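# Survey of secondary and tertiary structure
Below are the chains, spelled out letter by letter.
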Amino acid sequence: ALIIATGSSARYLGIPSEEKYMGRGVSACAVCDGFFYKNKKVVVVGGGNTAAEDALYLAKLASEVVIVHRRDRLRIEPITIKRLEETPNVRFEYNHIIEEILGDERGVTGINVKNTATGATKEIKTDGVFVAVGHKPNTEIFINQLEMDHGYIKIGHKCATATSVPGVYAAGDVTDKKYQQAVIAAGSGCMAALDVKSLFNLLNL
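The structure contained in this document is the topic of the report that follows.

Parameters at a glance
- Residues numbered from 1 in each chain as written.
- Predicted model: local features only at pLDDT ≥ 70, side-chain atom pairs only at ≥ 80, totals over all residues.
- Heavy atoms only, no water.
- Buried < 20%, exposed > 50% of the residue type's maximum accessible area, 1.4 Å probe, protein only.
- Helix = DSSP H or I, 4+ residues; strand = E, 2+ residues; numbered from the N terminus.
- Arc of directions from axis to C-beta.
- Contact = heavy atoms within 4.5 Å.
- Phe/Tyr/Trp six-rings, centres within 6.5 Å; stacked < 30°, edge-to-face > 60°.
- Pairing = 2+ DSSP bridges.
- Disulfide = S-S within 2.5 Å.

## Quick look at helix α4 (residues 78–85)
Turning to α4, its buried residues are Thr80, Ile81 and Leu84. On an axial view of α4, the arc spanned by its buried residues comes to 100 degrees, and they lie on one face. Away from its buried face by more than 90 degrees, α4 exposes Pro78, Ile79 and Glu85. Tucked inside the fold, the buried residues of α4 contact α3 (49–59), β5 (64–68) and β6 (90–93).

Spelled out as structure tokens, the structure:
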């Protein structure tokens, strides 16, 4: 039996300065790195649930959280938008994209953003940039070998974690495009292990 648990990788902006300051002010994990920005100014890039959750978490630590989004509104539930709007140290930069991340030998010092409607540019001072534009499942090597749904491995064939190929199971972020949390992935891994054990018991192995 084989259990696939190759996880997912964070999507990034794809600009050279982002890679330059990776780990020195640029992060894709607010929960992992947020503590280092206590009482500092940070930027969250994105417009979905991940960006909103990151901003609310960071607002408890940072002095200011700026949400930069390329559209004119966030793509989340109205109640979450209300929570963000009612958080005093959170502000929004709608219709903006990051063109460059600025910094020095110590790390990030700011960002250059462009207004998607007018083309105008400006600089925003910040100590950290948290990229929250989604994740990509690490499933490329399984393309055309397993049944998939938009890059995620489809499970539920005969049992909860079984894939379209007998004897092959999948767990965690490779199957989950909604929750993508460590505790969910760990539980999914336990499910896959129990499904394999059930298979072995059935085969008297």
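## A few points about the packing of aromatic side chains
Inspection of every chain in the model, using the stated rule, returns 3 aromatic pairs. Taking the centre distance of 6.4 Å and the plane angle of 75 degrees together, the rings of Phe35 and Phe36 count as edge-to-face. Here the two residues Phe35 and Phe36 agree in accessibility, since each one is exposed.

## Section: the pairing of β5
Of all 5 residues in β5, 4 are buried, a share of seventy percent or more. Pairing analysis gives 5 bridges linking strand β4 (residues 41–45) to β5, with the strands arranged parallel. In the sheet register, Val44 faces β5, and the bridge partner there is Ile67. Pairing geometry for β5 and β6, over 4 bridges, is parallel. The residue bridging Val65 from the neighbouring strand is Val90, located in β6.

## Some words on the state of the cysteines
Every disulfide links exactly two cysteines, by a covalent bond between their sulfur atoms. Throughout the structure, instances matching the rule amount to 1 disulfide. For the unlinked cysteine Cys159, the closest cysteine sulfur is that of Cys190, found at 15 Å.

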